[in-house]
Amino acid sequence: MSASPRERPEKSRDSLILHATDNAVSWITLNRPEAMNALTPDQRDHLVQLLGDASADPAVRAVVITATGRGFCAGADLRSGAARPAERVAGDVARTIRLGAQRLVAAVLDCEKPVLAAVNGTAAGIGAHLALACDLVLAAEEARFIEVFVRRGLIPDGGGAYLLPRLIGPRRAKELMFFGDALSAADAERLGLVNRVVPAADLEKTAREWAERLAAGPTRALALTKHLVNASLDTDRATAFAAEAAAQEINMTTADAQEGVASFVERRAPRFEGH
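Summarised in this report is the structure supplied together with it. From a predicted model like this one, the values you see are computed outputs, not experimental measurements.

For the protein chain, the helix and strand inventory stands at 11 helices and 11 strands. Along the first, second and third principal axes, the C-alpha set of the protein chain runs to 65 × 50 × 35 Å. Split into buried and exposed, the 275 residues of the protein chain put 44% on the buried side. Taking contacts inside the protein chain between residues at least 6 apart in sequence as the whole, the part at least 24 apart equals 67%. Of the roughly 14300 Å² that the protein chain leaves accessible, carbon and sulfur atoms contribute 54%.

Listed below in structure tokens is the structure:
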């Protein structure tokens, strides 16, 4: 699919990532269809930059990550020279993972705007983890999710062993990671990895509808809610409750919170401005 907004999208470095902002939604489109959108180091770093830019830009209030062609992302490009150093030094692999796949997934989790994945095709390896790190996931009926690492004699990276157990529990996560079987979009929805499966022809339309609803919402409240939900998976009840109270204190200083209360009192629809 093409996630191009109504205006012609600007092409990024070497046209490998298309990026445009429309109706306060940042559309990020992987555009290397001939390689099933396998990520090069440059693409990965540019994705991290675009997610950081979205966090800092008040004109952006939601993000969509999607791709062109038959695949969403086939994982890291193992054919690139950077992925196969001629001579390894102790610590090189760990450093590469920290600064590469883990940094990308962290950029999605830490983005201060809601991030929606529109998965048009196969999402494998780090491509699957890129999608699953997003706040909401839409998938075309043809999409598949594959924990491909075991097929290559590798262990999951990009936070897979962190994300999957939290999304579907340790036993299901181990099943996917131990066998490396392809998971259909319908099965991913049944397990709770995907919010909704739609026909391929409806994927962009549905992604646009969801993203524009998010972009019209109270942006800071959504950011704080995202942080609370993500942090709750790693903390105890007392810490989570304290974080919730602190987030409420912060949020009540925003113009959108004041507007939300005022609109309730005045019995009208709120008009959120994102601050």
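With that settled, consider the environment of Glu273. With respect to the secondary-structure elements, Glu273 resides in the segment after α11 (255-265). Along the backbone, Glu273 and Thr206 are 67 residues apart, and their C-alpha atoms lie at a distance of 23 Å. Residues within four places of Glu273 in sequence aside, it is in contact with Arg61 and Asp256.

This part takes up the sheet that holds strand β5 (residues 71-73). Strands sit in the order β5-β7-β9-β10 across an open sheet of 4 strands; the sheet is mixed. Two strands close off the open sheet at either side, each with one partner strand: β5 and β10 (182-184). Each strand axis lies, on average, 20° off the axis of its neighbour in the sheet, ignoring direction. The pairing of strand β7 (residues 122-124) with strand β9 (residues 144-146) spans 3 bridges and is classified as parallel. Bridge assignment links Ala124 to a residue of β9, and that residue is Ile146.

On the surface, Arg79, Arg144, Arg151 and Arg152 cluster together into a positively charged patch. Its place among the elements puts Arg144 in strand β9. Overall, the relative accessible area of 37% leaves Arg144 in the partly exposed class.

Turning our attention to the environment of Ala106. By secondary structure assignment, the location of Ala106 is in helix α3 (residues 101-110). On the basis of relative accessible area, Ala106 is assigned to the partly exposed category, the value being 28%.

Here is a general trend for soluble globular proteins: nonpolar side chains tend to be buried in one another's company. Counting 48 residues, the largest nonpolar core has Val63, Ile65, Phe72, Val119 and Phe145 as the members making the most contacts within it. Residue contacts for Val63: discarding those within four places in its chain leaves Ser26, Ile28, Leu51, Ala54, Cys111, Lys113, Pro114, Val115 and Leu116. If you look at the next biggest cluster of nonpolar residues, it comprises 16 residues, including Val25, Ala62, Val198 and Ala215.

Here 6 bridges tie strand β2 (residues 17-22) to strand β3 (residues 25-30), and the two strands are oriented antiparallel to one another. Bridge assignment links Ala20 to a residue of β3, and that residue is Trp27. If you look at the hairpin formed by β2 and β3, you'll find 2 residues sitting between the two strands, and Asn23 has a positive phi there, around 50°.

Below, the discussion takes up a nonpolar patch on the surface. Together, Met252, Val261, Phe264 and Val265 make up an exposed nonpolar region whose accessible area comes to about 440 Å². With respect to the element layout, Val261 can be found in helix α11.

We now examine the packing of helix α1 (residues 41-56) against α3. Here α1 crosses α3 at 20°, and the two axes come no closer than 9 Å. As judged from the angle between their axes, α1 and α3 are roughly parallel. Relative to α3, the crossing made by α1 is left-handed. Contacts between α1 and α3 involve Arg44, Asp45, Leu47, Val48, Leu51 and Ser55 on the former and, on the latter, Ala101, Arg103, Leu104, Ala107, Val108 and Asp110. Tallied by class, residues from the contact of α1 with α3 come to 7 nonpolar, 1 polar and 4 charged.

On to the packing of helix α5 (residues 160-168) against helix α6 (residues 170-179), then. For the pair α5 and α6, interaxial distance at closest approach is 7 Å and the crossing angle is 130°. For the element pair α5 / α6, the angle class is oblique. Where α5 crosses over α6, the two elements pack in a sense that is right-handed. Together, Gly160, Ala161, Leu164, Pro165 and Ile168 of α5 and Pro170, Arg172, Ala173, Leu176 and Met177 of α6 make up the contact between the two elements. Taken together, the residues that form the contact of α5 with α6 break down as 8 nonpolar, 1 polar and 1 charged.

Right, let's get into the pattern of salt bridges. Oppositely charged side chains are able to pair whenever their charged atoms sit close together. Across all of its chains, the model carries 15 salt bridges by this definition. One salt bridge connects Asp92 with Arg95, and the closest N-O pair in it is separated by 2.9 Å. Residue Asp92 and its partner Arg95 are located together in helix α2 (residues 92-99), separated by 3 residues, close to a single helical turn. Between Arg208 and Glu212 there is a salt bridge whose closest N-O contact spans 3.7 Å. On the criterion of helical spacing, the pair formed by Arg208 and Glu212 is a turn pair, its members being 4 residues apart in helix α8 (residues 200-215). Each of Asp22, Glu204, Arg208 and Glu212 takes part in a single network of salt bridges with overlapping partners.

Parameters at a glance
Sequence positions are assigned chain by chain, starting from 1 and proceeding in written order. This being a predicted model, a pLDDT of at least 70 is required before a residue's local features are given, and a value of 80 or more before pairs of side-chain atoms are given or counted; all residues contribute to the totals for chains, interfaces and linings. Side-chain numbers here rest on the full set of heavy atoms in the structure, without hydrogens or water. Numbering of helices and strands starts at the N terminus; helices are DSSP runs of H or I of at least 4 residues and strands are runs of E of at least 2. Only protein chains enter the area calculation, which uses a 1.4 Å probe; residues under 20% of their type maximum are buried, those over 50% are exposed, and those in between are partly exposed. Note on contacts: a residue pair qualifies if any of its non-hydrogen atoms lie within 4.5 Å across the two residues. For accessible areas, the Shrake-Rupley method is used with a probe of radius 1.4 Å. Any residue's cover is judged against the shown protein chains and nothing else. Strand pairing is assigned whenever DSSP detects at least two bridges linking the two strands. Between N-to-C directions, angles cover 0 to 180 degrees, with each direction set by a line fitted to C-alpha atoms, over the stretch in contact for helices. Patches here are clusters of residues that have more than 30% relative accessible area and form no salt bridge, with a 9 Å joining cutoff for like charges and a 5 Å cutoff for nonpolar side chains (Val, Leu, Ile, Met, Phe, Trp, Tyr). Salt bridges are identified by distance alone: a Lys or Arg side-chain nitrogen within 4 Å of an Asp or Glu carboxyl oxygen. Note that His is not counted, nor are the chain ends; the positive residues are Lys and Arg, and the negative ones are Asp and Glu. Working definition for charges: the position is that of NZ of Lys, CZ of Arg, CG of Asp or CD of Glu. Definition of nonpolar core: a set of buried residues of the types Ala, Val, Leu, Ile, Met, Phe, Trp, Tyr and Cys, connected through side-chain atoms within 4.5 Å. Reported orientations rely on four angle classes, namely roughly parallel under 35 degrees, roughly antiparallel over 145, roughly perpendicular from 65 to 115, and oblique for the rest. Take the far helix as the reference: if the near one is turned anticlockwise from it by less than a right angle, the crossing is left-handed, and if turned clockwise, right-handed. Ten residues, namely Ala, Val, Leu, Ile, Met, Phe, Trp, Tyr, Cys and Pro, are considered nonpolar, four, namely Asp, Glu, Lys and Arg, are considered charged, and the remaining ones, Gly among them, are considered polar.

No statement about biological role is implied by the geometric values presented.
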